[in-house]
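Chains, contacts and geometry: an overview
Residue-level listing of the chains:
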There are 2 protein chains.
Amino acid sequence: MMDEAAAQQAFRSALVIEGAESLAAIEAEVRAFAAPLGYDRFVLFSASATQDEVVERIYWVEGDWFGDGESVDAETYVRRCPVTRHILEAREPFFWTKTIAKEGDLYKIVRHPRGQGVHGLQIPVFGRLGLEGAMSLGGERIDASQRARLALGLIATMAFFSARRLLEAAVEAVGPLSDREREVLAWTAAGRRQVEIAATLGLSERTVENHLRRIRKRLGVATTAQAIRVAIRNGEIAG
Amino acid sequence: MMDEAAAQQAFRSALVIEGAESLAAIEAEVRAFAAPLGYDRFVLFSASATQDEVVERIYWVEGDWFGDGESVDAETYVRRCPVTRHILEAREPFFWTKTIAKEGDLYKIVRHPRGQGVHGLQIPVFGRLGLEGAMSLGGERIDASQRARLALGLIATMAFFSARRLLEAAVEAVGPLSDREREVLAWTAAGRRQVEIAATLGLSERTVENHLRRIRKRLGVATTAQAIRVAIRNGEIAG
DNA sequence: CTTTCGTTGAGGGAAATCCCTCATTTCGCC
DNA sequence: GGCGAAATGAGGGATTTCCCTCAACGAAAG
C-alpha cells in the first residue's frame, strides 16, 4: 500500500518523466515506480476515438500480457483487447480483471480487482482534442487502492505526453497538410468558426479562409465538412 | 515547499474531493490544501473551445482577484482575463504573473513566477471532448515549484470533474441520431451540399437544413464540421 | 541567386449555411 | 383517443462560407 514516501515518489517520478530525454528513461522510471505496487506489464500508446482503430501507435509494450504459449504478437493483442476498446467510453482511469475461463479469457471492468488472474489499471489520457492516448498497467498482485490509481494516473499521463514528445517529433510532417493548415483544420473540427479561429491564432479571417480553401484543394474534397472526415481518416487530425 | 506529508496530503485531498457531496466540501478541501502553499484566490469553471465564449459556467470564484476598488464583477473579470483565454492554447498547467503597470494590469505567462504582484497557476482540464474546464489559483506568495504544479493539477482536475458532477446533473445526454439524421449527416460527411442531399434523398432543401440543425442540437455542437467529428467519434457515421 | 513553398492578407461578389418560428402528417404507445 | 417524437416543409432574415484573383514576405531548396 502506498505510504508517504511513495506519494512523494510519485511526484518525483512524474517530474523525471516530464524531463526525460529518451523513451528508455521513461520506461525505467515508470517501471521503478510501478514495481513496488505490483505492476509488471505495461502498454503505452497513442489513441483516438476514430471508429475502428482505437490504437494509433504503440510506444511501449512490455511484460507477459498473454498467457504463455500464446502466439499473437503484442500489437495484435493490444488492438483487439476489449479493455483497450473500453477507453472509448471511459472518462477516467479504471481497473479491470482478466480471469481465465473455459471458453477463453474473460475481461471485466471492476472497481476493486481481487482474486485470481491478471489485474490492471487502464488510464485514458485526454488532451485538447479529446482522447489522445492511454496507458495500461497490469500484474498479478497489484495495489488497486484509490491512491495508487491517482498516482499511476499522474505517472501515466506524464509518460504519454513525454513519450509522444520524443517519438512523434521526428515523424511529424507526414501528411500533405502543413502544420498551420492542420492547426486550422483541427480548430474547425472542434467547432470553431473562421472568425474565432482567426482570433485564437492571431490571424485575419481572410487567412483562415485561405488556409481552409487550400486544405480542401489539397485533400481533394468539396466541402469543409468532408475535409474533416478525410483528415481524420488520413490521421491528419485527431478523431 | 511541498514535503512528503504534503505529497501524501495531495492524494488524500484528491480522494476527498472525488467523493465530495457538495460544492462547499470541494471548496473547503481545495482551500485547505492550497492555503499552505500560499494560494488564496480560486476560480473553477467549465470551458469549451467550441463556443465563442471560452468560459461556459463558473462554479466557484473566491478571493481578491481584482485590485481593490475595482467595480467589475467576478464573472466579467474571469471572462475577459487574458490568462483565461490562454487556456485555449495551453496543453498543460502554466504559471502566470500579474504586475501592475501604469497603463493597467499586465499579465504574463511565466515559467517561474517571482517578484511583486499576484501570481497564479492556471490548470486546463481535458476530457473526451477536449478542453472541458479549468481551474485558476492565485496568491501573492505562492509555492511555484514543479511539485506544487503537479499536485495542484491533480487537485484541480478532480475538483472540476467533481463539481461538474454535482452541478450539471443531467448534462451530456448525447442522444443518438435518428436514421434519417444519420443518413443526412453521412451524405454531408461525404461532401454533398444540402441541396444535393435533398435531391438524392428526395427531400426539400429546408428539410435537410432542419435535419442538420437538429443534429447539431442533439450532438451539442456549434457547427456541422464539428458534428462530423463528434458523430464519427460516437460511431454514428463511418469514419 | 532564382524558384518554390508556406504564411499572411485583401477586394468583391456569389453561394451556402444557419437561425428563429410555425405547421402538417405519421407512427407508436399508454 | 390523445400525446410525444420523428419526419417533412416553409418564410424570412442574418451570418458564414466559398470562390477567384492578386500580392508581399521569408525561408528553404535548387
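Preceding block: the structure.
Heads up: these notes are all about the structure in this document. These figures come from a predicted structure and were not determined experimentally.

Let us look at the overall build of chain A. Assigned secondary structure in chain A consists of nine helices and six strands. The 239 residues of chain A split such that 53% are buried. Looking at chain A alone, contacts between residues at least 24 apart form 59% of all its contacts between residues at least 6 apart. Summed over its atoms, the accessible surface of chain A is roughly 10,700 Å², and 50% of this surface lies on carbon and sulfur atoms.

Here we take up the protein's contact with DNA strand D. Glu209 of chain A together with Ser178, Arg180, Arg206 and His211 of chain B are the nearest of the 19 residues found near DNA strand D. Each atom of DNA strand D within 4 Å of the protein was classed as base or backbone; sugar and phosphate made up 54%. The separation between a phosphate oxygen of DNA strand D and a polar main-chain atom of Gln194 of chain A is 3.2 Å. Listed by contribution, the elements that provide at least two residues to the surface near DNA strand D are helix H8 (205–219) of chain A together with helix H6 (179–189) and helix H8 (205–219) of chain B. At six residues, H8 of chain B tops the list of elements feeding residues into the surface near DNA strand D.

Another point: the protein's contact with DNA strand C. Neighbouring residues of DNA strand C: 17 residues in total, closest Ser178, Arg180 and Arg206 of chain A together with Glu209 and Arg216 of chain B. A distance of 2.9 Å is found between a phosphate oxygen of DNA strand C and a side-chain nitrogen or oxygen belonging to Thr207 of chain A. Those elements that provide at least two residues to the surface near DNA strand C are H8 of chain A together with H8 of chain B. Take the surface near DNA strand C: its biggest share by element is six residues, from H8 of chain A. Partitioned by chemical class, the residues of the surface near DNA strand C number one nonpolar, seven polar and nine charged.

It is worth spelling out the side chain of His211 of chain B at this point. Secondary-structure assignment places His211 of chain B in helix H8. Discounting chain neighbours no more than four positions away, the residues touching His211 of chain B are Arg180, Glu181, Val184 and Leu203 of chain B.

The subject of this paragraph is the nonpolar core. Among the nonpolar cores identified, the biggest contains 72 residues, and Val30 and Tyr39 of chain A together with Val30 and Tyr39 of chain B are the most heavily contacted of them. In contact with Tyr39 of chain A, other than residues within four places in its own chain, are Ala34, Phe95, Leu121, Leu137, Gly138, Ile142, Asp143, Ala144 and Leu152 of chain A. Grouped together as the second largest cluster of nonpolar side chains are 41 residues, Ile215 and Ala227 of chain A together with Ala189 and Leu219 of chain B included.

All right, on to the packing of aromatic side chains then. Summed over all chains, the structure comprises seven aromatic pairs over all chains. Measuring from ring centre to ring centre gives 5.0 Å for Phe42 of chain B and Trp60 of chain B, while their planes differ by 20°; the resulting arrangement is stacked. Taken together, the residues span a long stretch of sequence, with Phe42 of chain B in strand S1 (residues 41–47) and Trp60 of chain B in strand S2 (residues 55–62) at a distance of 18 residues. Residue classification places Phe42 of chain B among the buried positions, given a relative accessible area of 1%. Grouped by ring-pair contacts, the aromatic residues Tyr59, Phe160 and Phe161 of chain A constitute a single cluster.

Turning our attention to the pairing of strand S6 (residues 130–139) of chain A. Two faces, one strand: in a regular strand the side chains alternate between the faces of the sheet. All names here are of chain A. For S6, the buried fraction is high: 10 of the 10 residues fall into the buried class. Relative to S6, strand S1 (residues 41–47) runs antiparallel, the two sharing six bridges. When the bridges of S6 are listed, Phe45 appears paired with Ala134. In terms of strand pairing, strand S5 (residues 118–127) meets S6 through nine bridges, oriented antiparallel. The residue of S6 that forms the bridge with Phe126 is Leu131.

This part is about helix H1 (residues 4–18) of chain A. An ideal rise of 1.5 Å per residue puts 21 Å on 15 residues; H1 of chain A measures up with 22 Å between its terminal C-alpha atoms. Regarding H1 of chain A, the residues found buried are Ala6, Ala7, Gln8, Ala10, Phe11, Ser13, Ala14 and Ile17 of chain A.

The subject of this paragraph is the environment of Gly120 of chain A. Residue and element names in this part refer to chain A. Among the secondary structure elements, Gly120 is positioned in strand S5. Taking relative accessible area as the criterion, Gly120 reaches 0% and is therefore assigned buried. In this structure the C-alpha to C-alpha distance between Gly120 and Ile109, which are 11 residues apart in sequence, comes to 9.6 Å. Discounting residues that sit within four places of it in the chain, Gly120 has contacts with Phe94, Phe95, Trp96, Leu137, Gly138 and Ile142.

As for its placement among the helices and strands, Ser162 of chain B is situated in helix H5 (residues 146–167). Each residue touching Ser162 of chain B, except ones within four places of it in the same chain, is listed here: Ile17, Glu18, Ala20 and Ile26 of chain B.

The next subject is the pairing of S1 of chain B. Residues and elements named next belong to chain B. The buried fraction of S1 amounts to seven of the seven residues, a majority that puts the element mostly inside the structure. Side chains Arg41, Val43, Phe45 and Ala47 project from S1 onto one buried face, and the interleaved Phe42, Leu44 and Ser46 project onto a second face that is buried too. Across six bridges, S1 lies against S2 in antiparallel orientation. In the strand pairing of S2, Phe42 is matched with Glu62.

All names here are of chain A. Tallied over the entire structure, the rule returns 24 salt bridges over all chains. Taking the shortest distance from any N to any O, the salt bridge between Glu132 and Arg164 comes out at 2.9 Å. Taken as a pair, Glu132 in strand S6 and Arg164 in helix H5 (residues 146–171) lie far apart in primary sequence, 32 residues in all. Asp179 serves as the salt-bridge partner of Arg182, at 3.1 Å between the closest nitrogen and oxygen. Of this pair, Arg182 and Asp179 both sit in helix H6 (residues 179–189), three residues apart, which is roughly one turn of that helix. Judged by its relative accessible area of 47%, Asp179 falls in the partly exposed class. Several salt bridges share partner residues, and in doing so they unite Glu27, Arg31 and Glu62 into one network.

Definitions and cut-offs
- Residues numbered from 1 in each chain as written.
- Chains lettered and ligands numbered in written order.
- Predicted model: local features only at pLDDT ≥ 70, side-chain atom pairs only at ≥ 80, totals over all residues.
- Heavy atoms only, no water.
- Helix = DSSP H or I, 4+ residues; strand = E, 2+ residues; numbered from the N terminus.
- Buried < 20%, exposed > 50% of the residue type's maximum accessible area, 1.4 Å probe, protein only.
- Contact = heavy atoms within 4.5 Å.
- Areas by Shrake-Rupley, 256 points an atom, 1.4 Å probe, with all protein chains shown as cover.
- Near = heavy atom within 4 Å.
- Polar contact = N/O pair within 3.5 Å; in protein donor to acceptor, adjacent residues only side chain to side chain.
- Nonpolar A, V, L, I, M, F, W, Y, C, P; charged D, E, K, R; others polar.
- Core = buried A, V, L, I, M, F, W, Y, C linked by side-chain atoms within 4.5 Å.
- Phe/Tyr/Trp six-rings, centres within 6.5 Å; stacked < 30°, edge-to-face > 60°.
- Pairing = 2+ DSSP bridges.
- Expected span 1.5 Å × (residues − 1).
- Salt bridge = Lys/Arg side-chain N within 4 Å of Asp/Glu carboxyl O.

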